[in-house]
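# Structure at a glance
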Amino acid sequence: VQLQASGGGLVQAGGSLRVSCEVSGSTFHINAIGWYRQAPGKQRELVADISNGGRTNYAEVAKGRFTISRDNAKNTVYLQMNSLKPEDTGVYYCHAAYAAFPYNYWGQGTQVTVSS
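Residues numbered from 1 in each chain as written. Predicted model: local features only at pLDDT ≥ 70, side-chain atom pairs only at ≥ 80, totals over all residues. Heavy atoms only, no water.

Let us look at the state of the cysteines. This structure, assessed with the given rule, holds one disulfide. Disulfide pairing places Cys21 opposite Cys94 at an S-S distance of 1.8 Å. Because the torsion about its S-S bond is -80°, the bridge between Cys21 and Cys94 counts as left-handed. Of this pair, Cys21 sits in strand β3 (residues 17-24) while Cys94 sits in strand β9 (residues 90-98), and the two are 73 residues apart along the sequence. Accessibility classification places Cys21 together with Cys94 in one group, the buried group. (Disulfide = S-S within 2.5 Å. Helix = DSSP H or I, 4+ residues; strand = E, 2+ residues; numbered from the N terminus. Buried < 20%, exposed > 50% of the residue type's maximum accessible area, 1.4 Å probe, protein only.)

A separate point is the nonpolar core. Of all hydrophobic cores here, the largest spans 27 residues; its most connected members are Ile33, Trp35, Leu79 and Met81. Taken together, the elements giving at least two residues each to this core come down to β1 (2-6), β3, β4 (30-38), β5 (45-51), β7 (66-71), β8 (76-81), β9 and β11 (110-115). (Core = buried A, V, L, I, M, F, W, Y, C linked by side-chain atoms within 4.5 Å.)

For the rest of this paragraph, the subject is the pattern of salt bridges. Across all of its chains, the model carries four salt bridges by this definition. A salt bridge links Asp88 to Arg65; its shortest N-O distance comes to 2.7 Å. Remark: Arg65 occurs in the loop between β6 (56-58) and β7 and Asp88 occurs in the loop between β8 and β9; sequence separation between them is 23 residues. Each member of the pair, Asp88 as well as Arg65, carries the same accessibility label: buried. If you follow the salt bridges from partner to partner, you end up with Arg37, Glu45, Arg65 and Asp88 in one network. (Salt bridge = Lys/Arg side-chain N within 4 Å of Asp/Glu carboxyl O.)

Moving on, we get to unusual backbone geometry. Residues Phe101 and Pro102 are joined by a peptide bond in cis, for which omega reads 10°. Mapped onto the elements, Pro102 comes out in the loop between β9 and β10 (104-106). Unlike most non-glycine residues, Asn75 shows phi in positive territory, near 50°. For Asn75, the location among the structural elements is in the loop between β7 and β8. Its identity is not glycine, yet Tyr103 carries a phi of approximately 70°, on the positive side. Here Tyr103 is to be found in the loop between β9 and β10. Taking the relative accessible area as the measure of exposure, Tyr103 reaches 46% and is therefore partly exposed.

Now the structure itself:
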């Protein structure tokens, strides 16, 4: 499984950004695709994920501002981020929860920087 993240960048506080995760390879056993983020000096944390059946899950910091969605025809999962805050700054990683070993796949990450 390969995960290609894209779409990060620099945006002012209050602005919007969409990051994309293109999934390829043996996708049959993927249970869910999620977005995690890691700020400097902090642990990586879940932002949102979407299951194979389309069920979504959001961290408290993302509720009401971020929307995760998927386009099955393009094998791509999106994270639309609105009302961005400086504390949303970090590297955003795409993650696949896989039903077989190695159970986890990570993309290379994309930088999101929100200026105040």
